[in-house]
Amino acid sequence: LLKRTSHMRGELKMKMCPLTASFHGFCSSNSMKVIRSNQDLTERLKIGSIFVFKDLSSKSGIYKTKLLQQGINGMWFLNQSDEGVIYHKYFNPIPIKTIALMLMAVSRFSNSYFQLDDADNFL
């Protein structure tokens, strides 16, 4: 797993971009109104790092957001030949470093999404 970090980073980016955009409601547009809306959404998600919670409004269920689970499933458990299935003992429980990596990807994506030139280079 450790020998494939740059490949994994690219794969994580490709899988987390659409998941994060869809999950949090980011919109793709050149419209200044939409860009501003994405900026506002990013700022709201950064306040108190609420993007890590299952319930954003009550700040409950830390690290139990469905986005995190969807990302982990898509990244490591999509089919029988994926790393999470083959090396399942390393994913039970999910390592803290894996959770941190996923949350970093969500955070970095959210921060760069509204900046059209940076969205493709967020990791």
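From a predicted model like this one, the values you see are computed outputs, not experimental measurements.

Basis of the calculations
The numbering scheme is per chain: residues are counted from 1 as the chain's sequence reads. Where local features are concerned, this predicted model is filtered to residues with pLDDT of at least 70; where side-chain atom pairs are given and counted, the filter is 80 or more; whole-chain, interface and lining totals use all residues. Side-chain measures were taken over the full set of non-hydrogen atoms in the model, leaving aside hydrogen atoms and water. Two distance rules govern patches: like charges are joined within 9 Å, and nonpolar side chains (Val, Leu, Ile, Met, Phe, Trp, Tyr) within 5 Å, applied only to residues with over 30% relative accessible area and no salt bridge. What sets the accessible areas is the Shrake-Rupley method with a 1.4 Å probe; for residues, cover comes only from the shown protein chains. Should a side-chain nitrogen of Lys or Arg be within 4 Å of a carboxyl oxygen of Asp or Glu, the pair is scored as a salt bridge. Strands here are runs of E lasting at least two residues and helices are runs of H or I lasting at least four, both read from the DSSP assignment and numbered beginning at the N terminus. Joining through side-chain atoms within 4.5 Å is the link that ties buried Ala, Val, Leu, Ile, Met, Phe, Trp, Tyr and Cys residues into a set, and such a set is a nonpolar core. When a residue's accessible area, from a 1.4 Å probe over protein chains only, is under 20% of the maximum for its type it is buried; when over 50% it is exposed; and in between it is partly exposed. Every residue pair with non-hydrogen atoms within 4.5 Å of one another is taken to be in contact. The length a helix should cover is 1.5 Å for every residue beyond the first. In the analysis that follows, any N or O atom pair within 3.5 Å is treated as a polar contact, provided that within protein one partner can donate a hydrogen and the other can accept it, and provided that, for residues neighboring in sequence, both atoms belong to side chains.

With that settled, consider a nonpolar patch on the surface. A grouping of Phe-77, Val-85, Ile-86, Tyr-87 and Tyr-90 is seen on the molecular surface, where their side chains present a nonpolar patch of about 450 Å² in accessible area. Tracing the chain through its elements places Tyr-87 in the loop between α4 (83-86) and α5 (96-113).

Met-16, Trp-76 and Met-102 are the most contacted members of the largest nonpolar core, which has 24 residues in total. Secondary structure elements with two or more residues in this core: α1 (5-24), α2 (32-46), α3 (66-76) and α5. For this core, the element with the highest residue contribution is α5, accounting for six residues. When sequence neighbours within four positions are dropped, the list of residues in contact with Trp-76 reads Met-8, Asp-82, Glu-83, Gly-84, Val-85, Phe-91, Thr-98, Leu-101 and Met-102.

As a further point, take α2. Under the 1.5 Å per step criterion, the end-to-end length of α2 is 21 Å for 15 residues, consistent within 8% with the ideal 21 Å. Two or three places before Lys-33, at the start of α2, stands the capping residue Ser-31, its side-chain oxygen 3.2 Å from that residue's backbone nitrogen. Gly-48 sits one or two positions beyond α2 and adopts a positive phi of about 65°.

Enumeration over the complete set of coordinates arrives at three salt bridges. Between Asp-40 and Arg-36 there is a salt bridge, and its shortest N-O distance comes to 2.9 Å. One end of the pair is Asp-40 and the other is Arg-36, both in helix α2 and four residues apart, which spans about a single turn. Accessibility expressed as a relative area gives 29% for Asp-40, which makes it partly exposed. Among the ionic pairs, Lys-46 bridges to Glu-43, the shortest N-O distance being 3.4 Å. One end of the pair is Lys-46 and the other is Glu-43, both in helix α2 and three residues apart, which spans about a single turn. On the basis of relative accessibility, which here comes to 40%, the residue Lys-46 falls in the partly exposed class. Here Glu-43 falls in the partly exposed class, since its relative accessible area comes to 41%.

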